[in-house]
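Observations on the three-dimensional arrangement
What follows is each chain in one-letter form.
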Amino acid sequence: MKEFESRINLDIPLEHLSKIVCNEYGLGEFKSNKLIEIGYEDYNYILTTDKGKFVVKVFSNDRTDNNAYELAERASVAYGNGVSCPKIHKTRDNNSLLVLSLSNTEYRLLVMDYINGKDFFSLKELPNEKELELIASELAKLNNIEYKPNFIYDKWAIVNFIQEYEKNITLVDEEDRPLIDKAFNAFKSCDFTKLKYGFVHGDIIETNVIRDKQGKLFFIDFSVSNYLPRIVDLAVTICDLCLDLENIKMSKIRAEKFVKSYESVSPLSAYEKDCLRKFIVCHQAITILETIREKKLESNDSEENEIFLQKGKQGLRIVLEDNYIKELVKEQI
């Protein structure tokens, strides 16, 4: 609990903050709060009022004011363009972002609809093939939005692999280092000027896709969204939502169908397909780098971090040694 509170320097009762939020956004009478205890950044909680449930995202102290404003805008842009994600609420002054100064601490936050369901991490299952088709079509819709936000540096992002490799490679176990070195060398061969850019979510993983009680899927958490090569979203999703560590053969089929569904909306170039497998490998490698950093430097011993670390380790070996989705890309690493 304290680890989450330290992200925003919370030094007042959360109920006090919530009552102000209820008033500013017109959410009704406060009833209760419940912390969402997953995620590496920000402070997220469920706010219940007499009008229903809402999710409040309080941005971490590490984010600048401009960063917080931009992130609120990104979520609003996605929702406004018909992407399946929670509605972003407006304050009485018609702003998405609310900035409050309380007890010498500044809080920057936004409010969105609560989705009555569970993310796939909590469900402990992967999306089925039909759901993967829906995720692919929603991603294509998102990537095609004419929107170019300012760049936000994200330690976990594939595009920042070189910088994170140079900072964290010494933390990695000897058995993993040769494989990460291989991913590093493959990544350096990608020419980013030949890749198509778009508005990408950047983190379509188990914790950021919710299935509601009616079976509808929603993307949440646009906090690392950027204007990047669109295959970033494909690589992340393939690694996290298509890869079944217990059934590699089916994983390949799921990945191929996912890409095919994406291409039915927005075809990929031959060069994008060439780079896609390298991005997949790099995503697994950077997952190892960042979870190891969290564990050794940030003392993060959470179940979530350990699950992602082990998934990265196993996943990297699969995509390198078992020619994962080789049918999609003929070039070998």
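Described in the following lines is the structure provided in the data block. Remember, predicted model here, so these are calculated numbers, not experimental data. Per chain, residues are indexed from 1 in the order of the written sequence. Thresholds applied to this predicted model are a pLDDT of at least 70 for local features of residues and 80 or more for the giving and counting of side-chain atom pairs; totals over whole chains, interfaces and linings are not thresholded and use all residues. For side-chain calculations, the full set of non-hydrogen atoms in the structure is used, while hydrogens and water are omitted.

Right, let's talk about the sheet that holds strand 8 (residues 209-212) for a bit. Any two strands with at least two DSSP bridges between them are considered paired. A helix here means a DSSP run of H or I that spans at least four residues, while a strand means a run of E at least two residues long, and both kinds are numbered starting from the N terminus. Read from one edge to the other, the open sheet built from three strands follows the order 6-8-9, with strand pairing classed as antiparallel. Two strands bound the open sheet, and with one partner strand each, they are strand 6 (117-119) and strand 9 (217-219). The sheet shows a mean angle of 25 degrees between the axes of neighbouring strands, taken without regard to direction. Here strand 8 pairs with strand 9 via three bridges, running antiparallel. Counted as the bridge partner of Ile210 is Phe218 from strand 9. Across the face of the sheet, helix 5 (residues 129-143) comes into contact with strand 8 and strand 9 while running at roughly 40 degrees to strand 9. Axis definition: a line fitted to C-alpha atoms, limited for helices to the stretch in contact. Angles are taken between N-to-C directions and run from 0 to 180 degrees. A contact between two residues is defined here by any heavy atoms of the two lying within 4.5 Å.

This part covers the packing of helix 8 (residues 231-242) against helix 10 (residues 270-297). At a closest axis distance of 9 Å, the pairing of helix 8 and helix 10 adopts a crossing angle of 50 degrees. Classified by the angle between their axes, helix 8 and helix 10 sit oblique to one another. As for how helix 8 packs across helix 10, the hand of that crossing is right-handed. Residues Ile231, Val232, Leu234, Ala235, Val236, Ile238 and Cys239 of helix 8 form the contact with helix 10, whose own contacting residues are Glu272, Cys275, Leu276, Phe279, Ile280, His283 and Gln284. By definition in this entry, angles of less than 35 degrees are roughly parallel, angles greater than 145 are roughly antiparallel, angles of 65 to 115 are roughly perpendicular, and the rest are oblique. Crossing chirality is assigned from the near helix's rotation relative to the far helix, an anticlockwise turn below a right angle marking it left-handed and a clockwise turn marking it right-handed.

Close approach of charged atoms allows side chains of opposite charge to pair. The term salt bridge refers to a pairing of a side-chain nitrogen on Lys or Arg with a carboxyl oxygen on Asp or Glu at a separation within 4 Å. Taken as a whole and assessed by the stated rule, the structure comprises 27 salt bridges. As a salt-bridge pair, Asp42 and Lys57 come within 3.4 Å of each other at their nearest N and O atoms. Residue Asp42 is found in the loop between strand 1 (30-35) and strand 2 (43-49), and its partner Lys57 is found in strand 3 (residues 52-58); the two are separated by 15 residues along the sequence. Just as Asp42 is buried, Lys57 falls in that class too. Between Lys141 and Glu138 there is a salt bridge, with the nearest N and O atoms lying 3.1 Å from each other. In this pair, Lys141 and Glu138 both sit in helix 5, three residues apart, roughly one turn of the helix. Through salt bridges with shared partners, a single ionic network connects Glu41, Asp42, Lys57, Arg63 and Asp221. In this scheme, a residue with accessible area under 20% of its type's maximum is buried, one over 50% is exposed, and one in between is partly exposed, where area comes from a 1.4 Å probe on protein chains only.

Glancing now at the side chain of Ser84. Here Ser84 is to be found in the loop between helix 3 (65-80) and strand 4 (98-102). Setting aside chain neighbours within four positions, we find Ser84 in contact with Glu138, Lys216, Leu217, Phe218 and Phe219.

Quick look at the side chain of His201 now. Along the chain, His201 turns up in the loop between strand 7 (197-200) and strand 8. Looking at His201, its side chain comes within polar contact range of the main-chain nitrogen of Asp203, at 3.0 Å. Definition of a polar contact: a pair of N or O atoms within 3.5 Å, with one able to donate and the other able to accept a hydrogen when the atoms are protein atoms, and with sequence-neighbouring residues admitted only if both atoms are side-chain atoms.

Below, the discussion takes up the packing of aromatic side chains. Working definition: rings of Phe, Tyr and Trp (its six-membered ring) pair if their centres are within 6.5 Å, and the pair is stacked with planes under 30 degrees apart, edge-to-face with planes over 60 apart, and tilted otherwise. Applying the stated criterion across every chain, the model contains eleven aromatic pairs. Measuring from centroid to centroid gives 5.9 Å for Phe121 and Phe308, while their planes differ by 35 degrees, and the two rings are tilted. Residue Phe121 is located in helix 4 (residues 120-123), and its partner Phe308 is located in helix 11 (residues 303-321); the two are separated by 187 residues in the primary sequence. Across the pair, Phe308 and Phe121 agree in class, each one buried. A ring pair is formed by Tyr147 and Phe199, whose centres lie 4.9 Å apart and whose planes are at 85 degrees; its orientation type is edge-to-face. Here the residue Tyr147 occupies a position in the loop between helix 5 and helix 6 (161-168), and Phe199 occupies one in strand 7, the gap between them amounting to 52 residues. Of the two residues, Tyr147 and Phe199, both sit in the buried class. Over the aromatic face of Tyr271 sits the side chain of Lys194, whose NZ or CZ is 5.2 Å from the ring centroid. A ring has a charge above it when a Lys NZ or an Arg CZ is no more than 6 Å from the ring centre and no more than 35 degrees off the ring normal.

So, about helix 7 (residues 177-187). Owing to its 3.6 residues per turn, the α-helix aligns residues three or four sequence positions apart on the same side. Turning to helix 7, its buried residues are Leu179, Ile180, Ala183, Phe184, Ala186 and Phe187. Angularly, the buried residues of helix 7 cover 165 degrees about the axis, an arc narrow enough to put them on a single face. In this structure, the buried side of helix 7 is in contact with helix 6, helix 10 and helix 11. To obtain the arc, one takes the directions from the helix axis to the C-beta atoms.

Glancing now at the packing of helix 7 against helix 11. At a closest axis distance of 11 Å, the pairing of helix 7 and helix 11 adopts a crossing angle of 55 degrees. As far as their axial angle goes, helix 11 and helix 7 are oblique. You can see that helix 7 and helix 11 cross each other, and the crossing is left-handed. Mapping the contact onto sequence places Leu179, Ile180 and Lys182 in helix 7 and Leu316, Arg317, Leu320 and Glu321 in helix 11. Residue classes in the contact of helix 7 with helix 11 are distributed as four nonpolar, no polar and three charged. Three residue categories are used. Nonpolar comprises Ala, Val, Leu, Ile, Met, Phe, Trp, Tyr, Cys and Pro, charged comprises Asp, Glu, Lys and Arg, and polar comprises the others, including Gly.

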